[in-house]
Amino acid sequence: MKNLKLGVKLLGGFLLVACITLAVGGVGMLEISRLADNVRVLGKEKLPSVEHLSAVKTEFRTINQALRTLLSPALDAKGRDAQYANIQAARDRYKKHLETYEALPQTAEETSLRKDFLAKMAQAAEANDKALELSRRIQALDVANPDAMLARIHSFEAEQHRLLAEAQEAVITGRVEGEASGAAGSLLGRRLSELRTTNPVILQQASALGESNQRLHGALAEVRRLAAAGDRGAASALLASQVRPLSRSILAGLEKMADETDTSEQAFTQMTAILLGEGRERMNEAVAVLDQAVELNTKLAQTQVEQSESQAAAGRITALIGVVLGVVLAIILGVLLTRAVTRPVLQGVAFAQALSGGDFTRDLDIDQKDEIGDLARALNGMAGHLRGIVAEVQAATANVASGSEELSATSQNLSQGATEQAAAVEEVSSSMEQMTSNIRQNADNARQTEAIAHQASKDAEEGGQAVFQAVDAMKTIAEKIGI
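Residues numbered from 1 in each chain as written. Predicted model: local features only at pLDDT ≥ 70, side-chain atom pairs only at ≥ 80, totals over all residues. Heavy atoms only, no water.

S.K.: I'm lost on the packing of aromatic side chains in this one. Help?
M.R.: What characterises a pair of aromatic rings is the spacing of the ring centres plus the angle enclosed by the ring planes. Applying the stated rule across the entire model yields two aromatic pairs. On the numbers, 5.2 Å between centres and 80° between planes, the contact of phenylalanine 60 with tyrosine 94 is edge-to-face. Pair noted here: phenylalanine 60 is in helix H1 (residues 6-69) and tyrosine 94 is in helix H2 (residues 77-103), with a separation of 34 residues, a long-range link. By relative accessible area, phenylalanine 60 is classed as buried at 2%. Site record: aromatic cluster; members linked through ring pairs are Phe60, Tyr94 and Phe117. Arginine 136 extends its terminal NZ or CZ atom over the ring of tyrosine 84, reaching a point 4.6 Å from the ring centre. (Phe/Tyr/Trp six-rings, centres within 6.5 Å; stacked < 30°, edge-to-face > 60°. Helix = DSSP H or I, 4+ residues; strand = E, 2+ residues; numbered from the N terminus. Buried < 20%, exposed > 50% of the residue type's maximum accessible area, 1.4 Å probe, protein only. Lys NZ or Arg CZ within 6 Å of the ring centre and 35° of its normal.)

Here it is, written out as structure tokens:
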């Protein structure tokens, strides 16, 4: 790592952290995508399947309720039409639900159940259509309550037998008990006026029965009158010629009404047998298949929920592992990068502080090929150059010292020459030749002194230049240390 550039180290570290983040995020996105798929299957396939199948089952209940309502003898034509409308509306609704359900994705088992259900539903619809046809037949016969109608007819027949028996007794005994009720007061007269039907046979017979009842009661009144007057022969003849034929005619009309009522009752019986037998069985079979489909979709939905929970747990564990691994790697990477950068920087700082303290003997021991290595080599080069400058300063200082020594020696020589001159002056009086010799010698010494002084001045000048160079070198060192 020490041979990598700082930019590469930092960029590599950040890229590694980014890769770890990307990996953790990718795993999270993958788990989220899986969860989204499960939620989509659950929310857009299985739950709607259960919803539509349950709606179909609800419509089946509505149809069953309407069909059983049609079994009520008290239901009039308007009520039957309302139930027909309810059944048709329920059929239209469950067909729409089935179309929507069929458009949803289905497993092979669901497809098999759907086909089985459609077959069972068609059989149930066929049975129900038979019942509806019988209900419409009952509605066309307009004998809403055949049992009540038959009971009335039987009461009418009993009344006819009673009236005939009373007339025969009056003819035989000649006694007339009670008062005649008359046609309007008779049971047949009262109930015929209460009859509400559109059945043409019953209406026709009711009209004929009304006329026959009027004539019968007129004849019965005459028989009673004749019997009460003691004319039993005339009463018997009237009984035979009018009362009995009218009574038979009324009984025959009542029989026709009973036959029409029996037709309606048979239709009720057949419809009841279909709805409570074949129809209910077929509906139960279809509902059983429907329940299986609902249970299957419920199990599939539960499976999706369990898979979602498992994937969520796996996603949490994976994300936790990724986060922990990312944190550990980031810490390790941070420590390594920090040490790789700060350690040589601290060494460089210590080296610069040593240079600023005047220690030019040390070298910065950093063998790297990055920017810090370049800085270390530059600092080592600067230290070497500073050592050269100091050596030059030291050499210049030595030269100055040597020149000073030579100047001192020259001064001593000058002093010695002056002493000798003084001795020579003292000897002036003794000898002019010696004086001349001394003067000549003084002149030579003076020339030598001049030469020595000139050399000393030159050496002093060189020493000053060396000092100036040392000062400039110190300034340069201070500027480099400052950098």
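S.K.: Any chance you could explain the environment of leucine 329 here in plain terms?
M.R.: Inspection of the secondary structure assignment puts leucine 329 in helix H8 (residues 232-356). By relative accessible area, leucine 329 is classed as partly exposed at 32%.

S.K.: Which parts of the structure should I look at to understand the packing of H2 against helix H3 (residues 108-141)?
M.R.: Angle between the axes and distance between the axes: these two values describe a pair of packed helices. With their axes 12 Å apart at the nearest point, H2 and H3 run at an angle of 165° to one another. One element, H2, and the other, H3, form an angle in the roughly antiparallel class. Like other packed secondary-structure pairs, H2 and H3 cross with a definite hand, here left-handed. A breakdown of the residues in the contact of H2 with H3 according to their chemical character gives twelve nonpolar, three polar and eight charged. (Axes fitted to C-alpha atoms, helices over the stretch in contact; angles between N-to-C directions. Parallel < 35°, antiparallel > 145°, perpendicular 65-115°, else oblique. Left-handed = near helix turned anticlockwise from the far one by under 90°. Nonpolar A, V, L, I, M, F, W, Y, C, P; charged D, E, K, R; others polar.)

S.K.: What should I look at first to understand the nonpolar core in this one?
M.R.: Generally speaking, a soluble globular protein has its nonpolar side chains buried in company with each other. The biggest cluster of nonpolar side chains holds 38 residues, and the ones touching the most others in it are Phe60, Leu70, Phe117 and Met271. Broken down by secondary-structure element, the contributors of at least two residues to this core are H1, H2, H3 and H8. When residues in this core are grouped by element, the largest group, 13 residues, is from H8. One finds Ala167, Ala206, Ala227 and Leu254 within the second-largest nonpolar core, a separate group that totals 34 residues. (Core = buried A, V, L, I, M, F, W, Y, C linked by side-chain atoms within 4.5 Å.)

S.K.: Before we go on, may I ask you to explain empty space enclosed by the protein in this structure?
M.R.: Under the definition given, this model contains three cavities of 30 Å³ or more. The computed volume of the largest cavity comes to approximately 50 Å³. Mapped by element, the contributors of at least two residues to the lining of the largest cavity are H2, H3 and H8. Per-element tally for the lining of the largest cavity: the top contributor is H3, with four residues. Here the residues of the lining of the largest cavity are counted per class, giving eight nonpolar, no polar and two charged. (1 Å grid on protein atoms, 1.4 Å probe; cavity = no way out; pocket = protein on both sides within 12 Å on 5 of 7 lines; lining within 4 Å. Points joined across faces, edges and corners; volume = space filled by probe spheres on them.)

S.K.: Can you help me understand the confidence of the model for the protein chain in this one?
M.R.: Low pLDDT marks regions whose predicted coordinates should not be analysed in detail. Counting all residues, the mean pLDDT for the protein chain is 78, and 78% of those residues have values of 70 or more. Taking the mean pLDDT of every element in the protein chain, the minimum, 64, falls on helix H5 (residues 182-185) and the maximum, 90, on H2. (pLDDT = per-residue confidence, 0-100.)

S.K.: Help me understand helix H4 (residues 146-173) in this model?
M.R.: Structurally, the α-helix is built with 3.6 residues per turn, so residues lying three or four positions apart point the same way. In a regular helix each residue adds 1.5 Å, so 28 residues correspond to 40 Å; H4 covers 40 Å between its end C-alpha atoms and thus fits that length. Two residues or fewer past H4, glycine 174 is found with a positive phi of approximately 80°. (Expected span 1.5 Å × (residues − 1).)

S.K.: Looking at this model, I keep getting lost on the pattern of salt bridges. Mind explaining?
M.R.: For side chains of opposite charge, pairing can occur when their charged atoms come near one another. Taken as a whole and judged by the stated rule, the model has ten salt bridges. A salt bridge links glutamate 285 to arginine 282, with the nearest nitrogen and oxygen atoms 3.7 Å apart. One end of the pair is glutamate 285 and the other is arginine 282, both in helix H8 and three residues apart, which spans about a single turn. Residue arginine 282 is classed as partly exposed on the basis of its relative accessible area of 22%. The closest approach of N and O atoms between glutamate 295 and lysine 299, which form a salt bridge, is 3.6 Å. Of this pair, glutamate 295 and lysine 299 both sit in helix H8, four residues apart, which is roughly one turn of the helix. Linked through salt bridges whose partners overlap, the residues forming this network are Glu281, Arg282 and Glu285. (Salt bridge = Lys/Arg side-chain N within 4 Å of Asp/Glu carboxyl O.)

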